[in-house]
Structure formats: structure tokens, C-alpha cells
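# Topology and contacts: notes
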Amino acid sequence: MEAQIRAIKAALTEWFEAREPREKRLLVAGGALLAVVLLYSLLWAPAWDGCSRIRASLPLLQDEVAQMQTQLDEVRSLKGAAAIRAPQGLALRDALTTSLSQAGIPAPQITVLGKGVQVEVKNVPFGVWMGWLDEVRRSDHVRVVSAHATGEAQPGHANVSVTVQPAAEQ
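Residues numbered from 1 in each chain as written. Predicted model: local features only at pLDDT ≥ 70, side-chain atom pairs only at ≥ 80, totals over all residues. Heavy atoms only, no water.

## Considering the pairing of strand β1 (residues 109–113)
Pairing analysis gives five bridges linking β1 to strand β2 (residues 116–125), with the strands arranged antiparallel. Paired with V112 across the bridge in β2 is V117. (Pairing = 2+ DSSP bridges. Helix = DSSP H or I, 4+ residues; strand = E, 2+ residues; numbered from the N terminus.)

## Quick look at the side chain of S99
Structurally, the position occupied by S99 is in helix α3 (residues 89–103). S99 sits in the buried class, given a relative accessible area of 15%. Those residues in contact with S99 that sit more than four places away from it in its chain are W132 and V136. (Buried < 20%, exposed > 50% of the residue type's maximum accessible area, 1.4 Å probe, protein only. Contact = heavy atoms within 4.5 Å.)

## What about the packing of α3 against helix α4 (residues 126–139)?
Running from N to C, α3 and α4 point in directions that differ by 140 degrees, and their axes come no closer than 11 Å. Put simply, α3 runs oblique to α4. The handedness of the crossing between α3 and α4 comes out as right-handed. Counted together, L96, S99, L100 and A103 of α3 and V128, W129, W132 and V136 of α4 form the full contact between these two elements. (Axes fitted to C-alpha atoms, helices over the stretch in contact; angles between N-to-C directions. Parallel < 35°, antiparallel > 145°, perpendicular 65-115°, else oblique. Left-handed = near helix turned anticlockwise from the far one by under 90°.)

## Notes on a nonpolar patch on the surface
Taken together, the side chains of L34, L38, L39, L42 and L43 present a nonpolar region at the surface, about 520 Å² in accessible area. Take L42: it is sitting in helix α2 (residues 21–82). On the accessibility criterion, L42 (60% relative accessible area) is exposed. (Patch = residues over 30% accessible without salt bridge, like charges linked within 9 Å, V, L, I, M, F, W, Y side chains within 5 Å. Areas by Shrake-Rupley, 256 points an atom, 1.4 Å probe, with all protein chains shown as cover. Salt bridge = Lys/Arg side-chain N within 4 Å of Asp/Glu carboxyl O.)

So this is what it looks like as C-alpha cells:
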């Protein structure tokens, strides 16, 4: 293989030496021009285009990073919220009793059913009841398993019964 390379090199040198000086100058200038064009086409132009594309996409990428950071913060806050255990059984009954009295809902009947609790109230303003139920759902991390409401003679009031249990329970 080395012998072949030497033979090719010798043949090219002999061919080049046989050229006139003017022709040699043209060949060297053409080779230099060809080298410059190849360097530009293969190295400089792709690098320049890549830098331009990166510069153009940088604001979008920065926006995406900011959005991901916001999502990461939300994940961290939700992770902390997921670690909160909802009260069960008697602890849930006590929490519901306290929140019912704070909401001004009178005379509830509260029964513990396993890990859940059933709450029955007569003649309660329905809007107050729904507000309390939503607040308990968020603050005590419970879910409604069953609910029943019947209207009262007084408009806007109802007899309600709801069974709630910790949201993590299935």
C-alpha cells in the first residue's frame, strides 16, 4: 500500500513538473481557491447557520425552561400536599364536628362507618351545606362516597346526608 502511495505521488510530481510555470501558477491558485471553497462549505457555513438557528430558538427555549421551572415548583408543592394523611374514623368524626360547628350548621348526626363518616343534617341552607362540604373536601382531604338531599318546605333549605372518607381510600 505504501508503495502504491509513493508511485502515485511520484506520478503526480512528474506530471506537475512537466507543466509550464504559468500553468503551475493557475493550478496552485485553483487548488487554493478550491481549498477555501471546501473549508467555507464544509466548516464555516454550517457553523454559521447553526449559530443563527440557536440564536433564533434561544428565546423559545428560555420560555420552555421557565415553564418547566413553574411546573417543577407545582410538583414540589403537590408532593408536599400528597404527604398529608387524611384523618380516619374517630379523628375524621372529630374534624367534621369541629368544622360543622364553625360553619354554623346546627345539630348534625355523625356516625362513624369504618374509615369513613356519615353526616346527616335537617333543615340546613343548601348553599351553606355545599360550601361546608367543599371546604371539608379540600382541607380534610376527604371524598364524597355517597350523598342524598331532599328539599324542605322553606325555600333553599334541605335535609342532607353525606358519607365521606379519606381521599386516599378506594
